[in-house]
Amino acid sequence: MEVKSYTRFHVDAVITEASSDYKWRITGFYGHPETHKRYKSWHLLAFLNNQFQLPWLCLSDFNEILSMNEKVGGANRSQLQMDGFRGIVNYCGFHDLGYVGSDYTWSNMQEGDNRICLRLDRALASPEWSARFKGMKVHHLVDSTLDHCALL
């Protein structure tokens, strides 16, 4: 593994498989926690997209949802916010790997009518990455003491 770049919002690396010399890319990503600065996250992903032409896996906490069906409780999410995220997913040619487990990866840890749950964490991949690693699924591992699920 060779780390190519990093900031407090990402780590981008190229993996070279020893047995075959096959190269692919992995990016751990963290979407800006402030909604009004989230566009900076999408600009970073666009920049990273243009750095290498390798099969690509990008995962972690994007701090955004793709649609309202990824949210329960609280006020409606801004359509503009979701459109921004969906736009960069499409721009990068990503598709969601899907998941096994809970539908939501984040909770405000409250109960009853005050509870809010969202799917903020996910794994996105390029078609080339998915073709190489067929059938990969993300498992949402719930821990009752954390507000986020771990991704496996």
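Refer to the structure printed above.
These numbers come from a predicted model, not from an experiment.

*Asks:* Would you explain the environment of D113 in this entry?
*Replies:* Within the element layout of this structure, D113 appears in the loop between strand 8 (106-107) and strand 9 (117-118). Taking the C-alpha atoms as reference points, D113 and V142, separated by 29 residues in sequence, lie 21 Å from one another.

*Asks:* So what exactly am I meant to see when it comes to the packing of helix 1 (residues 38-49) against helix 2 (residues 79-91) here?
*Replies:* Packed helix pairs are specified by the crossing angle of their axes together with the interaxial distance, meaning the distance between the axes. Packing of helix 1 against helix 2 brings their axes to within 10 Å, and their N-to-C directions diverge by 5 degrees. For the element pair helix 1 / helix 2, the angle class is roughly parallel. Side by side, helix 1 and helix 2 meet where R38, W42, L45, A46 and N49 of the first sit next to Q81, G84, F85, I88 and Y91 of the second.

*Asks:* I keep staring at the environment of P55 and nothing clicks. Help me out?
*Replies:* The topology assignment puts P55 in the loop between helix 1 and strand 4 (56-61). It is 8.1 Å that separates the C-alpha atoms of P55 and S130, two residues lying 75 residues apart in sequence. Residues in contact with P55, not counting those within four places in the same chain, are Y22, K23, W24, R25, S126, E128 and W129.

*Asks:* Could you clarify how one ought to interpret the pairing of strand 1 (residues 2-7) in this entry?
*Replies:* Working note: regular strand, side chains alternate between the two faces of the sheet. Sheet topology note: the strand 1/strand 2 (residues 10-16) ladder contains 5 bridges and is antiparallel. Paired with E2 across the strands is V14, a residue of strand 2. Where strand 1 folds back on strand 2, the antiparallel hairpin that results is connected by 2 residues.

Definitions and limits used
Residues numbered from 1 in each chain as written. Predicted model: local features only at pLDDT ≥ 70, side-chain atom pairs only at ≥ 80, totals over all residues. Heavy atoms only, no water. Helix = DSSP H or I, 4+ residues; strand = E, 2+ residues; numbered from the N terminus. Axes fitted to C-alpha atoms, helices over the stretch in contact; angles between N-to-C directions. Parallel < 35°, antiparallel > 145°, perpendicular 65-115°, else oblique. Contact = heavy atoms within 4.5 Å. Pairing = 2+ DSSP bridges.

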